[in-house]
Amino acid sequence: MTSIDLFIESIKSPATRVTYKQSLNQFREATGFKLTDNGKTKGKLLREKIIEYVIQLKKSGASYSRINVIVSAMQAYCDAYDIDVNFDKVRRYMPEHVRKVKDRAYTKEEIRTLLEAANTRVRMLILLFVSTGMREGAVPGLKLKHLTKMQDGCYKISLYDEDVSKQATVFTTTECSQAIHAYLKYREVEGEVLKPESPLIRKEFSWRDANKFEPVSRNTIARLIEEVVLRTGLRIKSGGKRQEVMLVHGLRKYYDTNLARANIKTLFIPILMGHSSPGLQSSYFRPTEEEIYTEYKKAADLLTISEEKHLRYEVEKLKTEVADVDLMKKNYLDMKLEIEKRDRQIQDLYEVLYQQGIIKKGPSANNQA
């Protein structure tokens, strides 16, 4: 096992493992520098090689983010093997962190377009990001045992269940819950026997392999979303250039934006974003699950993409308005009938008084005078 492999084994996050291993191998191949853990690596010499590589990347047009990942990987590696490298000096050679594109969230109309073009699995995946705001790195580890159905039919989902330091809870909208149910039903129809350990989202399969399941990888998630985005024309291939809407994170950003629009209490937003430790308040602010869900429901309509619920509301509203108009008409007719009845009573009284000689003319005669 190489020093890089041994270092990678010490990293907890699967996504970080992949990224750091790629970064370290890229550095080694580009510089020809042999990374070792036997004390022979000289910190000053390694620092110079890292700086040279940073300058090389900067001249080639590499972004700040890409260079920062590589430098962070090198710093973690050096820390693991007690290699003394002054990374403050290394970072002086990095490019300025300038955002060339101001990214935004997907709009509701754009998400609706994606859903119309997506199959059952991808539709559920998109709605999962939209209604929970979870990071794409959390999806591969989700199993059916992490889902708990609530009384109203929505799901509570436990994230990072195996890692206490990262554990968090998110909720789904009714729309997302229905999409989850449809996807799981499809898997059952294809012959899969669903179990608590079954992945929430699995790789594509045929009926022959229905019970040989594998969870989707993070790369597969990005590819599935990208295929739909490209097919709908919401994005064109840009050769790696940053785009206005980030492929997957743009869905999480939609969630975050609409939590704010729903006027959810500030202290609840980090919790609803799936942060395990919402700032300095985490040690003191411990709301109940019911309180968190109550806040979440404030945003449920904004996080629902289908127009069905909105149209149903409009129909009910129209029915109410029509009922109000009908009631007004009825009240008007009742009042008119009452006035006509009273007029007839007055006329009858005039006739009686006229016949008794108390008055000389009846009401109709008076009206003709």
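Residues numbered from 1 in each chain as written. Predicted model: local features only at pLDDT ≥ 70, side-chain atom pairs only at ≥ 80, totals over all residues. Heavy atoms only, no water.

1. Focus on the overall build of the protein chain
Okay, so step 1: Secondary structure summary: the protein chain contains 15 helices and three strands in total.
Okay, so step 2: A separation of at least 24 residues holds for 57% of the contacts in the protein chain among residues at least 6 apart in sequence.
Okay, so step 3: A total accessible area of about 22,900 Å² is found for the protein chain, and carbon and sulfur atoms account for 51% of it. (Helix = DSSP H or I, 4+ residues; strand = E, 2+ residues; numbered from the N terminus. Contact = heavy atoms within 4.5 Å. Areas by Shrake-Rupley, 256 points an atom, 1.4 Å probe, with all protein chains shown as cover.)

2. Comments concerning the side chain of D103
Okay, so step 1: Checked against the element boundaries, D103 lands in the loop between α5 (87-91) and α6 (108-117).
Okay, so step 2: On the accessibility criterion, D103 (8% relative accessible area) is buried.
Okay, so step 3: For D103, the side chain forms a polar contact with the side chain of K253, separated by 2.7 Å.
Okay, so step 4: Contacts of D103, omitting those with residues within four sequence positions, involve R242, Q243, E244, M246 and K253. (Buried < 20%, exposed > 50% of the residue type's maximum accessible area, 1.4 Å probe, protein only. Polar contact = N/O pair within 3.5 Å; in protein donor to acceptor, adjacent residues only side chain to side chain.)

3. Here we look at helix α8 (residues 174-189)
Quick reminder: α-helices carry 3.6 residues per turn. Residues three or four places apart thus point the same way.
Okay, so step 1: Over its 16 residues, α8 runs 22 Å from end to end, which matches the ideal 22 Å to within 8%, given 1.5 Å per residue.
Okay, so step 2: Regarding α8, the residues found buried are E175, C176, S177, A179, I180, Y183, L184 and R187.
Okay, so step 3: Looking at the buried residues of α8, the elements they touch are α7 (120-132), β1 (147-149), β2 (155-159) and α13 (300-303).
Okay, so step 4: In the segment just after α8, G191 is the residue with positive phi, at about 110°. (Expected span 1.5 Å × (residues − 1).)

4. A look at the packing of aromatic side chains
Okay, so step 1: Summed over all chains, the structure comprises eight aromatic pairs.
Okay, so step 2: Ring centres of F7 and Y77 lie 5.7 Å apart, and the angle between their planes is 80°; this geometry places the pair in the edge-to-face category. Taken as a pair, F7 in helix α1 (residues 3-9) and Y77 in helix α4 (residues 64-80) lie far apart in primary sequence, 70 residues in all.
Okay, so step 3: Of the residues examined, F7 reaches a relative accessible area of 5% and is grouped as buried.
Okay, so step 4: By relative accessible area, which is 0% here, Y77 ends up buried.
Okay, so step 5: On the basis of an interplanar angle of 70° and a centroid distance of 5.7 Å, the ring pair of F27 and Y53 is categorised as edge-to-face. With F27 in helix α2 (residues 14-31) and Y53 in helix α3 (residues 43-59), this residue pair connects regions lying 26 residues apart in the sequence.
Okay, so step 6: Taking the relative accessible area as the measure of exposure, F27 reaches 0% and is therefore buried. (Phe/Tyr/Trp six-rings, centres within 6.5 Å; stacked < 30°, edge-to-face > 60°.)

5. Examining the packing of α2 against α3
The geometry of a pair of packed helices is captured by two quantities: the angle between their axes and the separation between those axes.
Okay, so step 1: One can describe the packing of α2 onto α3 by two numbers: an axis separation of 11 Å at closest approach and a directional angle of 90°. If you check the angle between α2 and α3, you find them roughly perpendicular. Note on element contacts: α3 touches α2 through L46, K49, I50 and Y53, opposite Q26, F27, A30 and T31.
Okay, so step 2: Grouping the amino acids of the contact of α2 with α3 by side-chain chemistry returns five nonpolar, two polar and one charged. (Axes fitted to C-alpha atoms, helices over the stretch in contact; angles between N-to-C directions. Parallel < 35°, antiparallel > 145°, perpendicular 65-115°, else oblique. Nonpolar A, V, L, I, M, F, W, Y, C, P; charged D, E, K, R; others polar.)

6. With respect to the confidence of the model for the protein chain
Low-pLDDT portions of the prediction should not be read for the details of their coordinates.
Okay, so step 1: In this model, the protein chain carries a mean pLDDT of 85, and residues with pLDDT of at least 70 account for 88%.
Okay, so step 2: Within the protein chain, the lowest mean pLDDT, 47, falls on helix α15 (residues 363-368), and the highest, 96, falls on α7.
Okay, so step 3: Note that pLDDT drops below 50 for residues 277-281; the model gives that stretch four contacts with residues more than four away or on any other chain.
Okay, so step 4: In this model, residues 365-369 is a region of pLDDT below 50 whose contacts with residues beyond four sequence positions or in other chains number two contacts. (pLDDT = per-residue confidence, 0-100.)

7. Notes on the pattern of salt bridges
Pairing of side chains with opposite charge becomes possible as their charged atoms draw close.
Okay, so step 1: Taken as a whole and judged by the stated rule, the model has 14 salt bridges.
Okay, so step 2: Here E289 makes a salt bridge to K156, at a shortest N to O gap of 3.0 Å. In this pair, E289 sits in helix α12 (residues 289-297) while K156 sits in strand β2, placing the two residues 133 residues apart along the sequence.
Okay, so step 3: Exposure remark for E289: the relative accessible area of 39% places this residue in the partly exposed category.
Okay, so step 4: Under the relative-accessibility criterion, K156 is labelled buried at 18%.
Okay, so step 5: A salt bridge links R202 to E192; the shortest N-O distance between them is 3.0 Å. Highlighted residues: R202 in the loop between α8 and α9 (218-232) and E192 in the loop between α8 and α9, separated in sequence by ten residues. (Salt bridge = Lys/Arg side-chain N within 4 Å of Asp/Glu carboxyl O.)

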